[in-house]
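# Fold and geometry: a report
The lines below spell out each chain.
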Amino acid sequence: MNPSLDAQLADWEMVVGLEVHVQLKTLTKCFCPCPVAFGALPNANTCPVCLALPGALPVLNARAVELAARASLALGCTVHETSIFARKNYFYPDSPKGYQISQFDRPLATSGHVQVGIRADGSSRSIGITRVHMEEDAGKSVHDRFPGVTAIDLNRAGTPLVEIVSEPDMRSAAEAGSYLRTLKQILEYVDVSDVNMEEGSLRVDANVSARRRGDTRLGTKTEVKNMNSFSGVERALDLEFRRQVALLEAGGRIEQQTMLWDADAQEVRASRAKEASHDYRYFPEPDLPPLTLSSTWIDGVRKALPELPASRRARFLTEFELSAYDVDVLISTFGLGDYYEAVARAHGSPKSSANWVMGEVLSHLKRSGDKIADFPVSPSSLARLLDLVRDGVVSHTAGKQILQRMISVGGQPDETAVAEGLLQVDDGGQLATWLDAVIAEMPLESERYRKGEARLAGVLIGAVMKKSGGRADPRKLGQLLAARLTP
Ligand SMILES: [Zn+2]
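As the structure is a computational prediction, the values presented were derived from the model and not from experiment. (Residues numbered from 1 in each chain as written. Predicted model: local features only at pLDDT ≥ 70, side-chain atom pairs only at ≥ 80, totals over all residues. Heavy atoms only, no water.)

### A short note on the domain arrangement of the protein
Parsing the protein into structural domains produces domain 1 (3-297), domain 2 (307-419) and domain 3 (428-484). Computed over C-alpha atoms, the centres of domain 1 and domain 2 are 37 Å apart. On the side of domain 2, nine residues touch domain 1, which itself brings seven residues to the contact. Of all residues in domain 1, the largest losses of buried area upon contact with domain 2 belong to Ile118, Gln185 and Tyr189, amounting jointly to 69% of the total for that side. Applying the counting rule to domain 1 against domain 2 returns zero salt bridges. (Domains from an automatic or database assignment. Contact = heavy atoms within 4.5 Å. Buried area = accessible area lost by both parts, 1.4 Å probe. Salt bridge = Lys/Arg side-chain N within 4 Å of Asp/Glu carboxyl O.)

Here is the structure:
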């Protein structure tokens, strides 16, 4: 790191706009009936349309339009009743037509926004969405299959995408990361895409420039590509910003160019392809009519949207009186929020429901890699188990054991508690037997407790809990211990 540059950075402001390509979750491609599926043999999912054979004509996939409209409305955009498909002309081997069907001056949707960086006091920053347009994906060049030869796999060619273009509203790498995480969360809520950056269903290009603080004009921007994780985006933006500031401070000029992020080397470098400003020679796609949507249809799509993260966050905060942190964890995915809400409503205590869902349930999902939809214990069963814990029928420790049992072999909480012998023991005789055994095994601790070291109660009670297999009632045990070893 360069200490003088670190000092200079404070005088500069980062300006970032993001272009995010999102693969829509359709069964078939955007303009032909070929299946959209991973893992098929190369070029198995192709037809005259996506192979661009002469005379083949595109037919628009209605489901792709619906998902694109859904995404646009969830991002607060206006979906236009008329939008136009356009040819974006460029030659690239994985695009056999020599053009991409996209949208240009009449996109599907414009003028949305996303709230990011929501603070505990409810304040946040609004990031504008310039436009959302539909387009088709290209195929893939395969460089490592045949030595010395590049092969082309067109299975992906024609897969429906939306491109979500933001305003240059972000002012730091962290804010760009926050925008991307929010965007991903919203798209996951409305179920339009797998939004998985590692698998390529979400791809990010960044436009970044630097300007002196207080300056209102935008500096010359560069485009940063090739990032394959959100943390990679943040790192690449920081490094590119540093590079630009160093150059500007040295009296240099920023060249408008494409920079590539190299995750292995953790560096950005100029793309070797000298891209003069592209002339894509856009013109309206002659093989497709204008896309016309009625206002009734658009309203229908809007009405079918589920509750979005921002309103769910506000509702959970007031309805369940949880901390902002807890709410953010619980609403992280749509399914988890639904699951939590069902448990809390059935059990009655929002806080203990949150503790169990954020603790036991999430750590199981983390270990197994499953989604909440695959979690084997239903919300009503978990709520019943929490009732048993609250009512002292089983101890907290036993409750956890019962849940593990229900996860691994199924069953209901009441039966499992009986079958596993985990009903809480509050029978004084049994508790005394366990306690006496512990006092005999731990004479030093017992003696210190008797002489007034109250904190040793925890150690002794813990030992009895262990001996009882989690079945001893800790409250009764505390009373018994105090009576037995009065200081
Ligand atoms: Zn096809």
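### Regarding the packing of helix α2 (residues 62-74) against helix α5 (residues 295-303)
Interaxial distance between α2 and α5 falls to 9 Å at its minimum, and their mutual angle equals 65°. By the criterion of interaxial angle, the relationship of α2 to α5 is roughly perpendicular. Here the hand of the crossing between α2 and α5 comes out right-handed. Taken together, the residues of α5 that come into contact with α2 (itself represented by Val65, Glu66, Ala69, Arg70 and Leu73) are Trp297, Ile298, Val301 and Arg302. Here the residues of the contact of α2 with α5 sort into six nonpolar, no polar and three charged. (Axes fitted to C-alpha atoms, helices over the stretch in contact; angles between N-to-C directions. Helix = DSSP H or I, 4+ residues; strand = E, 2+ residues; numbered from the N terminus. Parallel < 35°, antiparallel > 145°, perpendicular 65-115°, else oblique. Left-handed = near helix turned anticlockwise from the far one by under 90°. Nonpolar A, V, L, I, M, F, W, Y, C, P; charged D, E, K, R; others polar.)

### Focus: the coordination of the zinc ion
The protein atoms that coordinate the zinc ion are Cys32 (SG), Cys34 (SG), Cys47 (SG) and Cys50 (SG), at distances of 2.3 to 2.4 Å. Cys34 sits in the buried class, given a relative accessible area of 6%. (Donors = N, O, S within 2.8 Å, 3.2 Å for Na, K, Ca; no water. Buried < 20%, exposed > 50% of the residue type's maximum accessible area, 1.4 Å probe, protein only.)

### Structural notes on the pairing of strand β11 (residues 202-212)
Among the 11 residues in β11, nine count as buried, and that is most of the element. In this sheet, β11 lies alongside strand β1 (residues 12-23) in antiparallel orientation, the contact comprising 11 bridges. What sits directly across from Val22, in β11, is Leu202. The pairing of β11 with strand β12 (residues 222-227) spans four bridges and is antiparallel. Of the residues in β12, the one forming a bridge with Ala206 is Val224. (Pairing = 2+ DSSP bridges.)

### Observations regarding the sheet that holds strand β4 (residues 85-89)
Strands sit in the order β5-β4-β15 across an open sheet of three strands; the sheet is antiparallel. If you trace the sheet from one side to the other, it starts and ends with β5 (99-103) and β15 (283-284), each paired once. The sheet contact formed by β4 and β15 spans two bridges and is antiparallel. Of the residues in β15, the one forming a bridge with Ala86 is Pro284.

### Looking at the sheet that holds strand β10 (residues 160-166)
The nine strands lie next to each other as β2-β6-β7-β10-β1-β11-β12-β13-β14, forming an open sheet whose pairing is mixed. Each edge of the open sheet carries a strand with a single partner, namely β2 (78-79) and β14 (267-270). Sitting on the sheet, helix α3 (residues 173-189) is in contact with β1, β6 (109-116), β7 (125-136), β10 and β11, with an inclination near 110° to β6. On top of the sheet, helix α4 (residues 230-249) reaches β1, β11, β12, β13 (258-262) and β14; it is set at about 25° to β11, its chief contact.

### Considerations on the pattern of salt bridges
Enumeration over the complete set of coordinates arrives at 41 salt bridges. With a shortest N-O distance of 3.7 Å, Glu360 and Lys400 are connected by a salt bridge. Pair noted here: Glu360 is in helix α9 (residues 350-368) and Lys400 is in helix α11 (residues 396-409), with a separation of 40 residues, a long-range link. Relative accessible area serves as the criterion here: at 16%, Glu360 is assigned to the buried category. Look at Lys400 and you get partly exposed, because its relative accessible area is 33%. Through salt bridges with shared partners, a single ionic network connects Glu307, Arg312, Arg315, Glu319, Asp338, Glu341 and Arg345.

### Re the environment of Gly55
Looking at the secondary structure, you find Gly55 in the loop between β1 and α2. Along the sequence, Gly55 and Gly359 sit 304 residues apart, while their C-alpha atoms lie 59 Å from each other.

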